[in-house]
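The primary structure of each chain is shown beneath.
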Amino acid sequence: MAKARVQFICQACGAVHNRWAGKCEGCGEWNTIIEDDPTGGIGGGPGRAPTKGRPVALTSLSGEIEEAPRVMTGISELDRATGGGFVRGSAVLIGGDPGIGKSTLLMQAAAALSRKGHRIIYVSGEEAVAQVRLRAQRLGAADTDVALAAETHVEDILATLAEGKRPDLVIIDSIQTLWSDMAESAPGTVTQVRAGVHALIRFAKQTGTAMVMVGHVTKDGQIAGPRVVEHMVDAVLYFEGDRGHHYRILRTVKNRFGPTDEIGVFEMSGDGLREVTNPSALFLSERNDKSPGAAVFAGMEGTRPVLVEVQALVAPTSLGTPRRAVVGWDSARLSMILAVLEAHCGVRFGQHDVYLNIAGGYRIAEPAADLAVASALVSSLAGLALPADCVYFGEISLSGAVRPVSQTGQRLKEAEKLGFKAAVLPQASADVQKGAPTRLQEINSLIDLVALIAGSKNRLRSDEEER
Ligand code: TYD
Ligand code: MG
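Residues numbered from 1 in each chain as written. Chains lettered and ligands numbered in written order. Predicted model: local features only at pLDDT ≥ 70, side-chain atom pairs only at ≥ 80, totals over all residues. Heavy atoms only, no water.

1. Thoughts on the overall build of the chain
Part 1: Along the backbone of the chain there are eleven helices and 23 strands.
Part 2: In the chain, which comprises 467 residues, the share counted as buried stands at 46%.
Part 3: Contacts in the chain between residues far apart in sequence, at least 24 positions, make up 65% of those at least 6 positions apart.
Part 4: Total accessible area on the chain stands at roughly 23500 Å², and carbon and sulfur atoms take up 52% of it. (Helix = DSSP H or I, 4+ residues; strand = E, 2+ residues; numbered from the N terminus. Buried < 20%, exposed > 50% of the residue type's maximum accessible area, 1.4 Å probe, protein only. Contact = heavy atoms within 4.5 Å. Areas by Shrake-Rupley, 256 points an atom, 1.4 Å probe, with all protein chains shown as cover.)

In structure tokens:
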């Protein structure tokens, strides 16, 4: 009989090694390799006698679905981002830079839920009770029945939660401060954070409590970031924003119980976060529509249209290699647009620095912004201001073609609502209503756009005469 072999398996990537090592060569992770017995598994050959399984009842795909029971906060921007409220028995991770307002948001949510009669427990591992009370006072939440504890030891937290009436929602602020007896490493390490979060998630599943956990985005490798637990939780939301601006965006990146492209928009004020129900008006509020290089993009965030201004500055360079700087957009995508403009439209940027900024510190991920970016670039290079009442959207391909994007109707409707009178959009866009009050300029290649901007003055005048 062959000698029984042991093998070592990396817990992060599953790579199998012949001997133990500190670092997995498959994925580069440290301390993830543990000894495993290869016998007895599927294809493992004769080893331990397999235990006799118990048949489980098979069922069909159709049939009754129990609606996920949710706890709605009544803060509609938060409920929108979570897909209609926190789901009982689920774990939600809220990530974000330190100081962005995670604790503030959750304290406001806790207060709102408590006012509706839910039992809420707020466990703060970062701030002392007095500090949390001070914030609660500032937010007008001090009179609510939110139960507060300052604790970081996971076993103690679990024992506290298990006592008394089952909580409806538990807030853990933050996962990086948790430490558990089950893991030996220092608090804040991946092992400790994972062990703590794992224990809390198990509690949530067993009791049907909604568990909301805060995770700081860390720049330092010593402290585990929220990424290391993303796969364990049911939903991941990121709270983002620019320190220089006072609005904040809650973005859904993973949600087992709802859509993942929703955003909630808030404004940080002296007495907490305020909901912003019309983000477009906010993002466009500081517009200077007479200057060249600004184009308004009609974008979509999940089911909601959002209008933002794309600003470009193209200036002659004094350097050998011209600068390209982007804020709020993908720099690889900017290089692509510049290359397409050069190759197919003869617009040259080789002797110019290019700066691109999305107004208000907003961040765009949609390829539909290509056309707005190209318009802003051409407008700045040519020194011609774009019409102030026009929105732009469409995806640009490497061949210089302008491709249709989804939800044209909704984008146009939002633009109309905010007083825009014209739109430059891809030809053959679906769901476009002809005869709408918006003047539609359909184009199918980038050359058309350049021609349109170059001849904009004449064209607009003749348009006016036609009417
Ligand atoms: P906080 O919620 O503590 O951030 P996080 O938990 O993400 O680290 O919020 C920190 C910032 O928010 C702090 O700089 C002060 C500001 N803030 C206000 O502007 N208004 C308020 O009402 C509160 C409570 C905080
Ligand atoms: Mg905090």
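Alright, that's what it looks like, and here's the rest.
2. Side note on the site of ligand 1
Part 1: Near ligand 1 you find 17 residues, and of these Gly 99, Ser 103, Thr 104, Ser 269 and Gly 272 are the closest.
Part 2: Within the backbone of Ser 269, a nitrogen or oxygen atom sits 2.8 Å from a nitrogen atom of ligand 1.
Part 3: Of all the secondary-structure elements, those providing two or more residues to the shell around ligand 1 are helix 2 (102–115), helix 3 (129–138) and strand 13 (263–269).
Part 4: Of the residues assigned to the shell around ligand 1, the class counts are four nonpolar, eight polar and five charged. (Near = heavy atom within 4 Å. Polar contact = N/O pair within 3.5 Å; in protein donor to acceptor, adjacent residues only side chain to side chain. Nonpolar A, V, L, I, M, F, W, Y, C, P; charged D, E, K, R; others polar.)

3. Quick look at the packing of aromatic side chains
Part 1: If you walk through the whole model with that rule in mind, you get three aromatic pairs.
Part 2: Note on Phe 239 and Phe 266: the rings are 6.0 Å apart at their centroids and 75° apart in plane angle, and the pair reads as edge-to-face. With Phe 239 in strand 11 (residues 235–241) and Phe 266 in strand 13, the pair connects residues that are 27 residues apart, well separated along the chain.
Part 3: When the ring centre of Phe 393 is taken as origin, the NZ or CZ atom of Arg 411, which lies over that ring, is 5.4 Å away. (Phe/Tyr/Trp six-rings, centres within 6.5 Å; stacked < 30°, edge-to-face > 60°. Lys NZ or Arg CZ within 6 Å of the ring centre and 35° of its normal.)

4. Some details on the sheet that holds strand 15 (residues 294–301)
Part 1: The seven strands lie next to each other as 17-18-16-15-19-22-23, forming an open sheet whose pairing is mixed. In the strand order of this sheet, the two ends are held by strand 17 (324–327) and strand 23 (439–443), each with one partner. Strand after strand, the sheet turns through a mean of 25° between neighbouring axes, direction not considered.
Part 2: Here strand 17 pairs with strand 18 (residues 352–358) via four bridges, running parallel. The residue of strand 18 that forms the bridge with Val 326 is Leu 356.
Part 3: Its contacts with the sheet place helix 7 (residues 331–345) against strand 17 and strand 18, and it is angled at close to 130° to strand 17.
Part 4: Across the face of the sheet, helix 8 (residues 370–382) comes into contact with strand 15, strand 16 (304–316), strand 18, strand 19 (390–392), strand 22 (422–426) and strand 23 while running at roughly 30° to strand 16. (Pairing = 2+ DSSP bridges. Axes fitted to C-alpha atoms, helices over the stretch in contact; angles between N-to-C directions.)

5. Here we look at helix 8
Part 1: With 13 residues, helix 8 should reach 18 Å at 1.5 Å per residue; the first-to-last C-alpha distance of 18 Å fits that figure.
Part 2: Taken across its 13 residues, helix 8 has eleven buried, putting it largely inside the fold.
Part 3: All of the buried residues in helix 8 are Asp 370, Leu 371, Ala 372, Val 373, Ala 374, Ser 375, Ala 376, Leu 377, Val 378, Ser 379 and Ser 380.
Part 4: Phi turns positive, to about 70°, at Gly 383, one or two residues after helix 8. (Expected span 1.5 Å × (residues − 1).)

6. Focus: the pairing of strand 9 (residues 169–173)
Part 1: Of all five residues that make up strand 9, five are buried, and the element is covered over most of its length.
Part 2: Covered by surrounding structure in strand 9 are Leu 169, Ile 171 and Asp 173 together with Val 170 and Ile 172, the residues of both alternating faces.
Part 3: Direction of pairing for strand 9 relative to strand 10 (residues 210–216): parallel, over a ladder of five bridges. Paired with Leu 169 across the strands is Ala 210, a residue of strand 10.
Part 4: Of the crossover connections in this fold, the one passing from strand 9 over helix 5 (residues 190–207) to the parallel strand 10 is right-handed. (Right-handed = clockwise from strand over helix to strand, strands pointing away.)

7. Looking at the packing of helix 7 against helix 8
Part 1: Contact geometry of helix 7 with helix 8 gives a least axis separation of 10 Å together with a crossing angle of 60°. By the angle class used here, helix 7 and helix 8 are oblique. For the crossing formed where helix 7 meets helix 8, the hand is right-handed. Residues Arg 333, Leu 334, Ile 337, Leu 338 and Leu 341 of helix 7 touch helix 8, and the partners they reach there are Asp 370, Val 373, Ala 374, Leu 377 and Val 378. (Parallel < 35°, antiparallel > 145°, perpendicular 65-115°, else oblique. Left-handed = near helix turned anticlockwise from the far one by under 90°.)

8. Observations regarding the nonpolar core
Part 1: Residues Leu 341, Tyr 362 and Leu 377 are the most contacted members of the largest nonpolar core, which totals 61 residues.
Part 2: Per-element accounting of this core gives the leading share, seven residues, to helix 8.
Part 3: If sequence neighbours within four positions are ignored, Leu 341 has contacts with Gly 346, Val 347, Phe 349, Leu 377, Val 378, Leu 446 and Val 450.
Part 4: In terms of nonpolar packing, the next biggest core, distinct from the first, is built from 34 residues, Met 107, Leu 113, Leu 139 and Ala 141 among them. (Core = buried A, V, L, I, M, F, W, Y, C linked by side-chain atoms within 4.5 Å.)

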